[in-house]
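# Coordinates in review
The lines below spell out each chain.
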Amino acid sequence: MTMATYKQIESLMGTGPPAGAKQMQVMRWASKNPPKDPNASFSGKNVLITGSNTGIGLQAAIKFAALDAAKVILAVRSPAKGEEAKQKIIAATKRESAAVIVMQLDMSSFESVKTFAVQIQAQVDRLDVAVLNAGIAPPKYATEKTGWESALQVNVLSTALLAILLVPMLKDTAAKAGRPSQLTITGSFACQYVQPDELKLSPGEKLLEKMTSPEHFNVEKSYGQIKLLTQYVMKGLVDDYSYDVNGQVDVAIDVACPGYCSTDLGRDFPWYIALPTKLMHLYCARTAEEGSRSLVSGTLLGNAGHGKFWTNDVFTDPGIMVTSDEGKKLQRQAWKEISDICKQKMG
Ligand SMILES: NC(=O)c1ccc[n+]([C@@H]2O[C@H](COP(=O)([O-])OP(=O)(O)OC[C@H]3O[C@@H](n4cnc5c(N)ncnc54)[C@H](OP(=O)(O)O)[C@@H]3O)[C@@H](O)[C@H]2O)c1
C-alpha cells in the first residue's frame, strides 16, 4: 500500500462500538456515532449504484455526485422514480444533467439483469465503482416469477449475477487506470446473529432450496440469513473473479453495512411490525444520509478492504456463520449453488 493510500484509509477509520457491547447497545451507539462523511474525490470515475431512487442508495448517489464522480449511474426498477431521484441529485449538488444517468434494472428478473449488463456498456466506456445496494426485507413469504423466494432472488441471486456480469468492465477499467476498480455490496450487521441451527442441512439437501421453501421463511430470521448469503457471495466473488496484478487486486470487493437506518425498507410491513419498527427508529436509527456514508467509504478501501466487512468505520467480524469451519463449509456450498445458477442463466 502506498503512503497516500494508507493515509486515505486511516482517514476513513473510526473506533467502532465499545468492545463487548450487545446488539441493542451497538445500535444505540451507532445512532449516536454516525460514520465519518468521506470527502475523497471521485473525479474521473464512473460510479454505478443499484436501488438508488430512495433510501441509502439515493443518499450515496448524492454523495458520489457531490464528490465529483464523472458519471453517476442510477440503476432503478422504475425509470420514473429514477428521473425524480436524478432531479433531487442535481438540485442537491448543482451537477450538470449529463453527470447523472438513469437506467432501468429490475432485480426480480434474471433477464433484466442480463439486459442491463449489456446496456451499461453502451452508456459508459468505463466502470470504476459498482455499488450493489438494491434490496428488500419482505415481511411475508412471496416468490418472484423466477420461482425463487423474493429476497433470495433480489438480494442474492440477481446481485450475484449482476456482479459477475460487471466484472469484465470493472477489470477493463482497472487495467486502463492502473489501480483496482471497486465492487461493494450492501450488507447488514444482521448476518452476525445467524445461528448454525437455522441453516442445518440434511445430507444431500441444497441450501437455496431449503431457503426458498415457504416452511423455512421466518420474518424474524430470514433477513439475517439473506444478508449472510451476501457475505457468502462476496467471498465467492473474491475467490473466483478477482486477481492479483502486480501486488494489488484488479477488482477490490467488499461488503459495507450502513447500520440500522430509517428508510423505506419496511414499506410493506403490516402495522404490528411497522409500529415497533417506528419506535426502534426513534431509539436507535441513523438517517439514510448517515448510513450512506459507509457505502461511500466502503468503495474507497481498495486492497485494504478486499474480502472484508466494513461497518461503523471499522473492519468487523461478520459472525460465526462466516468465520467458523461450519460457516466456511456452508459458504462453499452456497457459492457453488449460486454460481451454478448464475452460469446457467448466462448460457
Ligand atoms: N435500512 C436499514 O436499516 C438497512 C440496514 C442494513 C442494510 N440495509 C440494506 O441497504 C440496502 C438499501 O436499503 P434501504 O434501507 O435504503 O431501503 P429502501 O429505502 O427500501 O431502498 C431499497 C432500494 O432497492 C430497490 N429495489 C428493491 N427491489 C428492487 C428490484 N426488484 N429491482 C431493482 N431495485 C429494487 C428499491 O427500489 P423501489 O423504490 O423501486 O422499490 C430501492 O431503491 C438494502 O440492501 C438493505 O438490505 C438497510
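Predicted model, so just to flag it, every value in this text is computed and none were measured.

The immediate surroundings of the ligand are formed by 30 residues, with Asn53, Arg77, Tyr223, Cys261 and Thr263 found nearest. In the model, a nitrogen atom of the ligand is placed 3.4 Å from a nitrogen or oxygen of the Ser108 main chain. Here Lys227 contributes a side-chain N or O atom positioned 3.0 Å from an oxygen atom of the ligand. In isolation the ligand exposes 880 Å². Once the protein is present, 97% of that is buried. Of all the secondary-structure elements, those providing two or more residues to the shell around the ligand are α3 (55-66) and α8 (222-241). Each residue belonging to the shell around the ligand can be placed in one class, and the counts come to 11 nonpolar, 13 polar and 6 charged.

This part covers the side chain of Asp128. Structurally, Asp128 is set in the loop between α5 (110-123) and β4 (129-132). Look at Asp128 and you get buried, because its relative accessible area is 2%. A distance of 2.8 Å separates a polar side-chain atom of Asp128 from the backbone nitrogen of Asn46. At 2.6 Å, the side chain of Asp128 and the side chain of Arg126 are in polar contact. Excluding residues that lie within four positions of it along the chain, Asp128 makes contacts with Gly44, Lys45, Asn46, Leu170, Thr173, Arg179, Ser181 and Gln182.

A few words on the packing of helix α6 (residues 150-177) against helix α13 (residues 325-346). Contact geometry of α6 with α13 gives a least axis separation of 10 Å together with a crossing angle of 65°. Crossing of α6 over α13 shows right-handed handedness. Here Val156, Leu157, Ala160, Leu161, Ile164 and Leu165 of α6 come into contact with α13, specifically with Trp335, Ile338, Ile341, Cys342, Lys345 and Met346. Among the residues making up the contact of α6 with α13, the classes are represented as 11 nonpolar, no polar and 1 charged.

Along the chain, the position of Lys227 falls in helix α8. Buried and without a salt bridge, Lys227 has Glu149 as its closest oppositely charged side chain, separated by 12 Å. Side-chain polar atoms of Lys227 contact the backbone oxygen of Thr186, separated by 3.1 Å. The residues touching Lys227, leaving out its near neighbours within four places in the chain, are Asn155, Thr186, Gly187, Ser188 and Cys191.

What counts, and where the lines are drawn
- All residue numbers refer to position in the chain's written sequence, counted from 1.
- Reporting of local features is limited, given that this is a predicted model, to residues whose pLDDT is at least 70; pairs of side-chain atoms are given and counted only at 80 or more, and all residues count toward the totals for whole chains, interfaces and linings.
- The basis for every side-chain value is the complete set of heavy atoms in the structure, and neither hydrogens nor water enter the calculation.
- When at least one non-hydrogen atom of a residue lies within 4 Å of a molecule or strand, that residue is treated as near it.
- Definition of a polar contact: a pair of N or O atoms within 3.5 Å, with one able to donate and the other able to accept a hydrogen when the atoms are protein atoms, and with sequence-neighbouring residues admitted only if both atoms are side-chain atoms.
- To be clear on the numbers: accessible area is Shrake-Rupley with a 1.4 Å probe, and residue cover counts the displayed protein chains and nothing else.
- Secondary structure elements are taken from DSSP: a helix is a run of H or I of four residues or more, a strand is a run of E of two residues or more, and numbering for both begins at the N terminus.
- Under the scheme applied here, ten amino acids are nonpolar (Ala, Val, Leu, Ile, Met, Phe, Trp, Tyr, Cys and Pro), four are charged (Asp, Glu, Lys and Arg), and all others, including Gly, are polar.
- Each residue's exposure class comes from its accessible area (1.4 Å probe, protein chains only) as a fraction of the maximum for that residue type: buried when under 20%, exposed when over 50%, partly exposed otherwise.
- By definition in these notes, contact holds between two residues if any of their heavy atoms fall within 4.5 Å.
- Between N-to-C directions, angles cover 0 to 180 degrees, with each direction set by a line fitted to C-alpha atoms, over the stretch in contact for helices.
- By definition, turning the near helix anticlockwise from the far helix through less than a right angle yields a left-handed crossing, and turning it clockwise yields a right-handed one.
- As used throughout, the charge tally considers Lys and Arg to be positive and Asp and Glu to be negative, leaving His and the chain termini uncounted.
- By definition, a salt bridge exists where a carboxyl oxygen of Asp or Glu is found within 4 Å of a side-chain nitrogen of Lys or Arg.

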